[in-house]
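Chain by chain, the residues run as shown.
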Amino acid sequence: MVERLTHMGIRRTEVLAAIGAVPRHLFVEEALRSRAYDDMSLPLGLGQTISQPYTVAVMTQLLLGEEPLSQRRRVLEIGTGCGYQTAVLQALGLPEIYSIERLRPLHERAKQHLRAVKLLQQARLVCGDGYLGLPEVAPFDGILVTAAPAQIPLPLLQQLAVGGRMVLPLDDGHAQFLWVIDKTEQGFRETCIQEALFVPLVNGI
Ligand code: SAH
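The following paragraphs examine the structure supplied in this document.

Cut-offs applied
Residues numbered from 1 in each chain as written. Predicted model: local features only at pLDDT ≥ 70, side-chain atom pairs only at ≥ 80, totals over all residues. Heavy atoms only, no water. Buried < 20%, exposed > 50% of the residue type's maximum accessible area, 1.4 Å probe, protein only. Helix = DSSP H or I, 4+ residues; strand = E, 2+ residues; numbered from the N terminus. Near = heavy atom within 4 Å. Polar contact = N/O pair within 3.5 Å; in protein donor to acceptor, adjacent residues only side chain to side chain. Areas by Shrake-Rupley, 256 points an atom, 1.4 Å probe, with all protein chains shown as cover. Nonpolar A, V, L, I, M, F, W, Y, C, P; charged D, E, K, R; others polar. Salt bridge = Lys/Arg side-chain N within 4 Å of Asp/Glu carboxyl O. Phe/Tyr/Trp six-rings, centres within 6.5 Å; stacked < 30°, edge-to-face > 60°.

**Topic: helix α4 (residues 84-92)**
Logical step 1: By the criterion of burial, α4 is predominantly enclosed, with eight of the nine residues buried.
Logical step 2: Of the positions making up α4, those classed as buried are Tyr84, Gln85, Thr86, Ala87, Val88, Leu89, Gln90 and Leu92.
Logical step 3: Positive backbone phi, approximately 90°, marks Gly93, located one or two places after α4.

**Comments concerning the site of the ligand**
Logical step 1: Taken together, 27 residues form the shell around the ligand, and within it Glu77, Glu101, Asp129, Gly130 and Val202 come nearest.
Logical step 2: A distance of 3.0 Å separates a nitrogen atom of the ligand from a polar atom in the backbone of Gly79.
Logical step 3: For the ligand, whose unbound accessible area comes to 590 Å², protein coverage reaches 99%.
Logical step 4: Elements that contribute at least two residues to the shell around the ligand include exactly β2 (48-50), α4 and β4 (96-101).
Logical step 5: In the shell around the ligand, the residues fall into 13 nonpolar, 10 polar and four charged.

**With respect to the pattern of salt bridges**
Logical step 1: Counting across every chain of the model gives five salt bridges.
Logical step 2: A salt bridge links Arg165 to Asp182; the nearest nitrogen and oxygen atoms lie 2.8 Å apart. With Arg165 in strand β7 (residues 160-171) and Asp182 in strand β8 (residues 176-184), this pair connects stretches of sequence that are 17 residues apart.
Logical step 3: Accessibility expressed as a relative area gives 15% for Arg165, which makes it buried.
Logical step 4: Residue class for Asp182 comes out buried when judged on its relative accessible area of 9%.
Logical step 5: One salt-bridge network, in which partners are shared between bridges, spans Arg165, Asp182 and Arg189.

**As for the packing of aromatic side chains**
Aromatic ring pairs are reported here in terms of the distance separating the ring centres and the angle at which the planes meet.
Logical step 1: Per the stated rule, a full pass over the model turns up two aromatic pairs.
Logical step 2: When the centroid spacing of 5.7 Å and the interplanar angle of 75° are considered together, the rings of Phe27 and Tyr84 count as edge-to-face. Placement of the pair is Phe27 in the loop between α2 (13-21) and β1 (42-45) and Tyr84 in helix α4, with a sequence separation of 57 residues. Each member of the pair Phe27 and Tyr84 is classed as buried.
Logical step 3: Ring centres 6.0 Å apart and planes at 70° place the aromatic pair Tyr98 and Phe140 in the edge-to-face group.

As structure tokens, then:
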């Protein structure tokens with residue numbers, strides 16, 4: 001899988017190593033385990049999906065940008081799902097990771113998955129509305145949104161540190177595109193990256 005990702009343009013060695021270190025089959029249901037290392041999204045119950053490995057790799061690589069890992073100390077993920085992306089952030093060795101999931105059964109299952117792969121140390125999993133972020137912990141050096149809203153959630157923009165970066169899919173009603181939002185001293189810089197496919201970000205629990 002890692003070799004395939006290299007061919008697909010994932011260059012950051014830390015990202016490839018982190019993906020190589022997380023056993024993806026332990027994050028999917030038993031019946032789907034034989035397909036866990038194919039480059040496809042898989043159902044994870046309650047109408048949600050675990051993103052395809054390429055998407056996780058792209059999002060993670062974009063989150064880091066050209067910066068050293070030390071620039072992304074405190075990171076927030078919206079949409080824990082099965083916890084696979086959270087595990088990849090852990091495997092990168094980021095010191096402070098928060099992840100919010102609105103569906104309690106998925107939140108509980110993600111905790112079990114992360115415990116099973118011994119990657120729950122630095123991650124704090126929260127069950128709640130990710131649209132609101134975590135104002136009590138902000139600001140974040142990185143925010144990764146793994147479900148698609150129509151517009152950038154304002155609370156998340158407000159919780160981004162100067163020098164921080166948000167990676168999120170936006171759905172304009174016809175198509176979804178992945179965006180990178182950088183917060184600089186002068187304000188926000190928005191860059192459209194590529195087409196994307198995520199489940200919708202639900203606004204309000
Ligand atoms: N990162 C996940 C992908 C999960 S799919 C993984 O690696 O498996 C997106 C998830 O976002 C779903 O589990 C969905 O329930 C969740 N979600 C949607 N709207 C949300 C919201 N407002 N707050 C928190 N989670 C939300």
